[in-house]
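Chains, contacts and geometry: an overview
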Amino acid sequence: MARDPRLRVAVLGPLAVWRDGQPALPGGARQRAVLGLLAARAGHPVHREAIIDLLWPRNPPKSAPAMVRSCIGALRSALGDGDHSARLLAVQEHSYLLRLTGQQLDLIEFTELADRAQNAVLAGDLAAACQSYEQAAGVWRGAPLADVSLLRGHPAVTSLARRRAAMLLSYAEAAAAAGRHERVIPHLRRLADQDEVDERVHARLMIALAGAGQHAAALRVFDLLRERLHAEFGVRPGAELTDAHATVLRSQAAAGSPATPLKPAEPAAPAAVTTPGASALGAAAPAPSAPAPSAAAAITPQSPRPPPHPPPRQLPPPAPHFTGRAEQLKELSELLDQTAGPGATAAVSVIAGTAGVGKTSLAVYWAHQVAGSFPDGQLYVNLRGFDPSGAPVDPADAIRSCLDALGIPAERMPPALDARTGLLRSLLAGKRMLILLDNARDAAQVRPLLPGTPGCLTVITSRHEPTGLAATHGAHVLSLDVLSGAEAAEFLARRLGPQRVAAQRQAARQLIRLCARLPLALAVIAARAAVRRNLPLATLVTELQDSRGVLDALHGGATDPSVRAVFSWSYRQLDDPAALMFRLLGTHPGPDVSVPAAASLAGVPIGQVRPLLAELTGASLLTETAPGRFGFHDLLRAYAAEQAREHCPPAKFAEARLRALDHCLQTGFAGALLLEPHRPQFTPPAPLPGVHAEPLASNQQALAWFEAEHQVILAAINLAAGTGCDSYAWQLAWTVVDFLDWRGHWHDWEATQEIALAACRRLGDVRGQALARRSLARATHQLGRHDETPAHLDAALEKYGELGDVLGQARCHIDMAAVLERQGTYAEAIGHAQQALDQYRAAGDLAGQASALNAVGWCHAMAGDHTLALSYCEQAIVLHRKTGDKDSQAATWDSIGFAHHHLGQYAEAIACYRRALGIYAEIGHRHSRAETLSHLAETQHASGQKAAARDTWRQALAILDDLHHVDADRIRARLASAG
């Protein structure tokens with residue numbers, strides 16, 4: 001790839017800048033850090049607050065914004081002359097955007113080469129793919145931005161290393177398929193050296209070595225990693241590594257016969273082990289020691305298998321008055337032949353057309369007609385590519401919703417987009433499934449969701465024709481126009497009755513012309529005409545012509561004048577309360593709204609809002625997307641927001657927005673306490689007048705509410721932060737933490753806490769900053785970025801110190817103990833847990849003392865001192881009984897059983913495990929019950945009770961299979977190895 005001789009910036013290694021072939025690196029540490037951050041996020045705006053946070057992690061000076069502006073000016077000088085640099089480094093309100101090409105920035109060059117390689121794989125050209133992957137690998141000069149100390153551990157930098165690892169793993173797959181194993185071995189070796197316990201990397205290295213004929217070396221990789229996992233973490237290799245081991249053994253056995261290119265086994269998620277005495281961070285820890293299963297035992301076909309997850313049936317209901325489109329329906333049906341039989345492909349069709357032309361109606365109607373041809377199910381995702389209420393759906397979140405529908409639990413959900421894409425494609429391989437991706441913004445948004453193997457059919461609707469998909473995926477593009485005159489007439493006849501339309505044919509034609517034959521406009525006008533049954537259609541024509549005459553003079557509206565005229569006419573037919581409700585809904589932050597939330601938005605009783613929503617739905621100005629939830633077509637949302645801006649006084653507008661935020665906060669706060677009653681809290685303000693918090697009576701109801709309102713709450717947090725409502729921004733972020741954690745939405749968790757931290761800084765709220773920092777520590781821990789966690793905990797400790805909050809400091813020390821225990825630095829872990837215990841004792845907090853005693857005991861157990869562990873955990877039990885925290889009490893009994901097991905006191909261990917099981921059965925904590933059952937089985941097996949152990953493992957397996965939990969594979973393998 002040719003490079004720009006005038007300017008070159010490099011971040012994939014030490015930071016470097018060249019102008020006209022000469023080094024031109026900015027001299028100051030802060031300038032270098034800002035340039036590195038902007039380059040790592042090239043093409044994406046970086047908010048000024050993020051730069052301030054980078055340069056001054058603690059207590060930024062008041063002059064920080066001015067100093068950032070000065071730094072940006074110096075960078076412009078370093079990058080070139082004023083005019084040129086102004087185009088390269090743009091200012092967007094309070095954000096900065098670096099615009100470079102692949103010739104100017106090595107990161108973009110790397111991305112383009114990796115994309116080219118992926119496209120070559122999809123086109124079946126593996127040789128070209130390997131060549132592009134090799135070139136992409138060659139762009140790297142070392143650890144990204146390794147010489148910029150301020151960026152060490154920054155998410156923007158650590159994500160670059162993860163992207164390189166993902167690319168090399170994709171390279172390994174392509175090399176394996178092409179039989180070119182030897183080319184990728186050096187890259188995989190370096191990657192394995194950088195992370196000595198990454199099982200996926202080591203599995204790929206084993207496959208490559210065996211494919212190159214180096215079977216002994218491949219087996220050594222397995223043996224070394226197995227020993228390291230056992231010595232450092234007390235765990236056994238996961239499914240992917242054992243599958244690779246079995247593949248190598250089969251290849252070695254067949255080495256004397258004519259060989260075919262060695263390909264890796266289907267990927268599987270590594271087995272996870274849950275800590276019996278779970279800490280605040282949920283750190284992983286080993287189950288009781290037991291013989292590791294052989295690779296053969298781990299894949300024994302006689303082992304019990306989980307029940308199949310029911311096929312997803314996610315298609316929305318078809319439009320009730322769908323009309324015409326016979327040609328397009330036939331064109332779509334011809335694609336079915338591409339997905340079956342010899343030469344089948346993963347077919348892709350794009351339905352493109354203007355807003356309101358009926359793309360979704362056509363796609364959904366046709367999908368229902370052919371659903372029987374796809375026995376493995378139908379997936380539906382609304383990508384909201386043009387929804388004015390917020391940003392388009394991120395591809396990682398879209399894949400997440402598909403994986404949810406396919407039964408993948410949160411704990412098996414990969415955090416990275418590439419890993420999620422790979423898992424989705426693995427699950428779709430060999431299946432006959434229909435995938436409908438609605439309202440796509442562009443090809444980049446949908447490309448990660450496309451299946452990679454034959455049998456599936458993907459239908460995409462979009463306002464734009466994503467021509468790139470035609471080149472890379474052979475997509476069939478269907479350009480949808482407005483209805484023909486005959487189709488439009490048939491539509492009205494179905495909606496209004498054929499006799500009424502036939503008797504007033506001329507007026508019907510005029511209505512069709514005024515609606516520009518656009519299905520959305522026809523649906524709105526027909527809904528109104530259907531209500532006014534005795535009104536002549538000619539009267540409707542006159543009214544609509546008057547509306548259009550007024551609106552033709554308007555400029556800059558949200559919709560086409562013809563469509564806006566229809567909307568305006570229908571809107572003006574509404575009663576005043578319904579019209580106000582319509583305007584207010586245009587200000588709501590989320591993609592849809594519940595009945596109580598709509599009542600809060602309007603500040604009226606719930607009983608009054610139901611008829612208003614029914615009136616809007618009957619007028620086709622609103623759609624009931626699910627029972628009790630309502631949403632707009634995006635054109636109607638834009639029109640409603642336009643009317644709100646024009647006709648709502650600013651004060652009323654702001655009051656409605658605050659009520660919407662307050663509804664989320666009041667309900668979310670109650671739900672958060674149902675999920676985790678012992679969380680550090682704040683005191684929310686009293687509900688605003690007119691706000692109706694939704695009644696939640698159990699954690700199941702709370703989870704269901706958070707699930708339904710997930711996207712609404714995220715939009716509300718962004719709305720609050722962007723409109724100066726910083727208290728709502730950070731408090732809303734607090735409410736959703738446990739839901740995001742439990743459901744595995746860890747990227748959302750991190751993003752919302754970053755917003756919360758910035759909001760608390762603007763408010764000068766030290767306690768809020770402490771809560772956000774500790775929450776960020778937990779989020780980065782869950783995302784696997786363990787090197788970032790201590791910095792967040794240190795910052796939280798500092799804030800709690802400023803407040804004199806001993807309990808807050810103690811919670812941070814508990815979290816730090818979990819991090820250090822995971823890293824195997826047990827002495828330091830014990831020190832932090834002990835410090836937490838001392839602080840809880842000084843404060844007289846019994847619940848905290850109990851948790852800290854269990855944490856100290858667990859860390860001693862991990863360090864091998866099981867007698868001392870027993871002493872601490874038994875003290876914890878006494879306090880748990882006083883506080884009544886049954887969940888923690890059960891976890892501590894499990895810890896005590898673990899200690900007894902390792903002391904050879906099997907009878908005592910079994911008694912403790914049975915106590916824990918009794919409590920878990922009482923409170924209904926099924927996953928923890930299954931984990932304790934597996935520990936009990938290990939003890940039974942070690943004490944010679946083989947039959948009882950097998951029965952106990954089967955009980956654990958039944959629960960985990962029912963939960964579709966990743967640990968089921970580990971228990972299944974253990975059961976198979978036990979004989």
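The present account deals with the structure reproduced in this document. What you are looking at is a predicted structure, and each value in this text was computed from that prediction instead of being measured. (Residues numbered from 1 in each chain as written. Predicted model: local features only at pLDDT ≥ 70, side-chain atom pairs only at ≥ 80, totals over all residues. Heavy atoms only, no water.)

**What to know about the overall build of the protein**
Selection criterion: Each helix is a run of H or I in the DSSP string that is no shorter than four residues. Each strand is a run of E no shorter than two, and both are numbered from the N terminus. We call a residue buried when its accessible area falls under 20% of the maximum for its residue type, exposed when it is over 50%, and partly exposed in between, using a 1.4 Å probe and counting protein chains only. Any pair of residues with heavy atoms lying within 4.5 Å of one another is described as a contacting pair. Residue exposure ignores everything except the shown protein chains as possible cover, and the areas themselves are Shrake-Rupley values with a 1.4 Å probe.
What the protein contains, in helices and strands, is 44 helices and 14 strands. When burial is assessed residue by residue, the protein has 53% of its 979 residues classed as buried. Put simply, 68% of the contacts in the protein that link residues at least 6 apart link residues at least 24 apart. Carbon and sulfur atoms make up 53% of the accessible area of the protein, which amounts to about 39300 Å² in all.

**So, the packing of aromatic side chains**
Rules: Stacked, edge-to-face and tilted are the three classes for Phe, Tyr and Trp ring pairs, Trp counted by its six-membered ring, which pair at centre distances within 6.5 Å; planes under 30 degrees apart are stacked, over 60 edge-to-face, the rest tilted.
Here the structure, examined in full by the defined rule, presents eleven aromatic pairs. Ring centres 5.7 Å apart and planes at 40° place the aromatic pair Tyr 571 and Phe 582 in the tilted group. Here Tyr 571, found in helix H24 (residues 561–572), pairs with Phe 582, found in helix H25 (residues 576–585); they are eleven residues apart in sequence, far enough to count as distant. Summarising the burial analysis for this pair, Tyr 571 and Phe 582 share the class buried. Centroid distance Phe 669 to Trp 734: 5.4 Å. Interplanar angle 25°. Geometry classified as stacked. Of the two residues, Phe 669 sits in helix H29 (residues 650–675) while Trp 734 sits in helix H31 (residues 726–735), which places them 65 residues apart along the sequence.

**Section: the sheet that holds strand S9 (residues 434–440)**
Let me state the cut-off plainly: Pairing between strands is defined by DSSP: at least two bridges between the two strands are required. Axis lines are fitted to C-alpha atoms, over the contacting stretch for helices. Their N-to-C directions set the angle, which ranges from 0 to 180 degrees.
Pairing is parallel across the open sheet formed by five strands, whose spatial order is S8-S9-S10-S7-S11. Looking at the sheet topology across the chains shown, the edges are occupied by strand S8 (378–382) and strand S11 (476–479). Averaged over all neighbouring strand pairs, the angle between strand axes comes to 15°, with direction disregarded. When S9 meets strand S10 (residues 457–462), the two strands line up parallel, connected through five bridges. When the sheet's bridge partners are listed, Leu 434 is paired in S10 with Leu 457.

**What to know about the packing of helix H38 (residues 846–862) against helix H39 (residues 866–883)**
Note the threshold: Note on terminology: angles under 35 degrees are roughly parallel, angles over 145 are roughly antiparallel, angles of 65 to 115 are roughly perpendicular, and the others are oblique. Handedness of a crossing is defined here by the sense of rotation of the near helix relative to the far one, left-handed for an anticlockwise turn of less than a right angle and right-handed for a clockwise turn.
Packing of H38 against H39 leaves a shortest axis separation of 8 Å and a crossing angle of 160°. Relative to H39, H38 is oriented roughly antiparallel. H38 and H39 meet at a crossing whose hand is left-handed. Here Leu 846, Ala 847, Gln 849, Ala 850, Ser 851, Leu 853, Asn 854, Val 856, Gly 857, Trp 858, His 860 and Ala 861 of H38 lie close against H39, whose contacting residues are His 866, Leu 868, Ala 869, Tyr 872, Cys 873, Gln 875, Ala 876, Leu 879, His 880 and Thr 883.

**Quick word on the nonpolar core**
Defined as follows: Among buried residues, the Ala, Val, Leu, Ile, Met, Phe, Trp, Tyr and Cys ones that are joined through side-chain atoms within 4.5 Å form a nonpolar core.
Within the largest apolar cluster, 87 residues are counted, with the highest numbers of intra-cluster contacts made by Trp 366, Leu 457, Leu 492, Met 581, Phe 582, Leu 585 and Leu 613. For this core, the element with the most residues is helix H22 (residues 519–531), which contributes eight residues. Sequence-distant contacts of Met 581, defined by excluding residues within four places in its chain, comprise Ala 598, Leu 601, Ala 602, Val 609, Leu 612, Leu 613 and Leu 616. Listed in part, the 84 residues of the second largest apolar core include Trp 56, Ala 64, Leu 98 and Val 248.

**Some words on the side chain of Asp 438**
Rule in force here: The charge count treats Lys and Arg as positive and Asp and Glu as negative. His and the chain ends do not count. The salt bridge definition used is simple: a Lys or Arg side-chain nitrogen within 4 Å of an Asp or Glu carboxyl oxygen. By the criterion applied in these results, polar contacts are pairs of N or O atoms within 3.5 Å in which, for protein atoms, one can donate a hydrogen and the other can accept it, and in which residues neighboring in sequence qualify only through two side-chain atoms.
Considering the arrangement of structural elements, one finds Asp 438 in strand S9. It is Lys 359 that comes nearest to the buried, bridge-free Asp 438 among opposite-charge side chains, at 7.3 Å. In this structure the side chain of Asp 438 is engaged in a polar contact, spanning 2.4 Å, whose partner is the side chain of Thr 461.

**As for the sheet that holds strand S4 (residues 46–47)**
A sheet is described by the order of its strands in space; here three strands give the open sequence S4-S6-S5, paired in antiparallel fashion. Pairing within the sheet leaves two strands with one partner each, and these edge strands are S4 and strand S5 (89–92). With two bridges connecting them, S4 and strand S6 (residues 95–98) associate as antiparallel partners. The partner of His 47 across the bridge, within S6, is Ser 95.

**Some details on the pattern of salt bridges**
All chains considered together, the criterion is met by 19 salt bridges. Across the salt bridge formed by Arg 32 and Asp 147, the nearest N and O atoms sit 2.8 Å from each other. In this pair, Arg 32 is assigned in helix H1 (residues 29–40) and Asp 147 in the loop between helix H6 (126–138) and helix H7 (155–178), connecting sequence segments 115 residues apart. The partly exposed category is assigned to Asp 147, whose relative accessible area is 34%. Measuring nitrogen to oxygen at the nearest pair gives 3.2 Å for the salt bridge that ties Glu 931 to Arg 970. Within this pair, whereas Glu 931 is found in helix H42 (residues 926–942), its partner Arg 970 is found in helix H44 (residues 967–977), the two being separated by 39 residues in sequence. A relative accessible area of 4% means that Glu 931 is categorised as buried. Put simply, Asp 53, Arg 761 and Arg 773 are held in one network by salt bridges that share partners.

**With respect to the environment of Thr 354**
Within the secondary structure, Thr 354 sits in the loop between strand S7 (347–352) and helix H14 (359–370). Residues within four places of Thr 354 in sequence aside, it is in contact with Lys 359 and Leu 518.

**Remarks on the environment of Ala 899**
When you line up the elements, Ala 899 lands in helix H40 (residues 886–902). Take Ala 899: its relative accessible area is 2%, and that puts it in the buried class. On a C-alpha basis, the gap between Ala 899 and Ser 871 in space is 9.8 Å, while along the polypeptide they are 28 residues apart. Leave out the neighbours within four places in its chain, and Ala 899 touches His 866 and Leu 870.

**Quick look at unusual backbone geometry**
With a phi angle near 65°, Arg 325 is a residue other than glycine that sits in the positive phi range. By relative accessible area, which is 4% here, Arg 325 ends up buried. Residue Arg 384 is not a glycine yet carries a positive backbone phi of 50°.

**Some details on the environment of Ala 973**
In this structure, Ala 973 sits in helix H44. Using a relative accessible area of 12% as the deciding quantity, one classes Ala 973 as buried. In sequence terms Ala 973 and Gly 238 are 735 residues apart; their C-alpha atoms lie 9.8 Å from each other.

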